[in-house]
Amino acid sequence: MRAVLQRVTRASVDVEGERVGEIGPGWLVLLGVAKGDCDDDADRLADKVVNLRAFEDAQGKMNLSVAETGGSILVVSQFTLLGDCRGGRRPSFTEAADPTEADRLYRYFVDRVAATGLNVATGVFRAMMKVELVNDGPVTLLLESRKAF
């Protein structure tokens, strides 16, 4: 699994002109599921997202997790994170998981994050979405479940 985390002061996602997810301060997580990903990948990634200390403490140092700040998480499926742009002029998405398995793991990841008690909002899997955010910092991080945490 691959995730782009953007620390935000607010973020929202609309589908067909309707707001389907919205948060205040926290993480916007763009999540891509690769072939071969499994529940263990989602477990490790969810734990990392919830506990990663990238929010400022009283001294202005990135020392707090989203859980410690009482922040929220907006998770948006993003298969294009698995795009390979090395050859030709069009990205190849052959490394992206089958949509049925990707949807299952996306929902599993969301459930794992929600189980921590944090407020979690989502987009709509496989929908065309309009994502709006105010990046805080800006802080943007890339996580991959198959790389050592």
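Residues numbered from 1 in each chain as written. Predicted model: local features only at pLDDT ≥ 70, side-chain atom pairs only at ≥ 80, totals over all residues. Heavy atoms only, no water.

### A closer look at the overall build of the chain
- A tally of regular secondary structure across the chain gives 3 helices and 8 strands.
- Mapped in sequence order, the helices and strands of the chain form the string β-β-β-α-β-β-α-β-α-β-β.
- The C-alpha atoms of the chain give a radius of gyration of 15 Å, which matches the 15 Å a tight globule of 149 residues would have.
- Projected onto the principal axes, the alpha-carbon positions of the chain cover approximately 45 × 40 × 30 Å.
- Within the chain, the proportion of its 149 residues that are buried is 42%.
- In the form shown here, the chain has an accessible surface area of approximately 8300 Å², with 48% of it arising from carbon and sulfur atoms.
- With 19 positive and 22 negative side-chain charges, the chain shows a separation of 6 Å between the mean positions of the two kinds. (Helix = DSSP H or I, 4+ residues; strand = E, 2+ residues; numbered from the N terminus. Rg over C-alpha atoms; globule rule 2.2 N^0.38 Å. Buried < 20%, exposed > 50% of the residue type's maximum accessible area, 1.4 Å probe, protein only. Areas by Shrake-Rupley, 256 points an atom, 1.4 Å probe, with all protein chains shown as cover. Lys, Arg positive; Asp, Glu negative; His and termini not counted. Charge placed at Lys NZ, Arg CZ, Asp CG, Glu CD.)

### Section: the side chain of R7
- The topology assignment puts R7 in strand β1 (residues 2-15).
- When its relative accessible area of 3% is taken as the criterion, R7 is described as buried.
- If sequence neighbours within four positions are ignored, R7 has contacts with G26, W27, A54, F55, E56, M62, V134, N135, D136, G137 and V139. (Contact = heavy atoms within 4.5 Å.)

### Digging into the packing of aromatic side chains
- In this structure the tally under the stated criterion is 3 aromatic pairs.
- The interplanar angle of 70° and the centroid separation of 4.9 Å between the aromatic rings of W27 and F55 together place this pair among those described as edge-to-face. In this pair, W27 is assigned in strand β3 (residues 26-32) and F55 in strand β4 (residues 55-56), connecting sequence segments 28 residues apart.
- Geometry around F55 places R7 over its ring, the cationic atom sitting 5.9 Å from the centre. (Phe/Tyr/Trp six-rings, centres within 6.5 Å; stacked < 30°, edge-to-face > 60°. Lys NZ or Arg CZ within 6 Å of the ring centre and 35° of its normal.)

### Observations regarding the environment of G26
- Its location among the elements puts G26 in strand β3.
- G26 gets classed as buried once you look at its relative accessible area, which sits at 0%.
- When the C-alpha positions of G26 and A11 are compared, they lie 8.7 Å apart, and in sequence the two are 15 residues distant.
- Setting aside anything within four residues of it in sequence, one finds G26 in contact with Q6, R7, V8, F55, V66 and S72.

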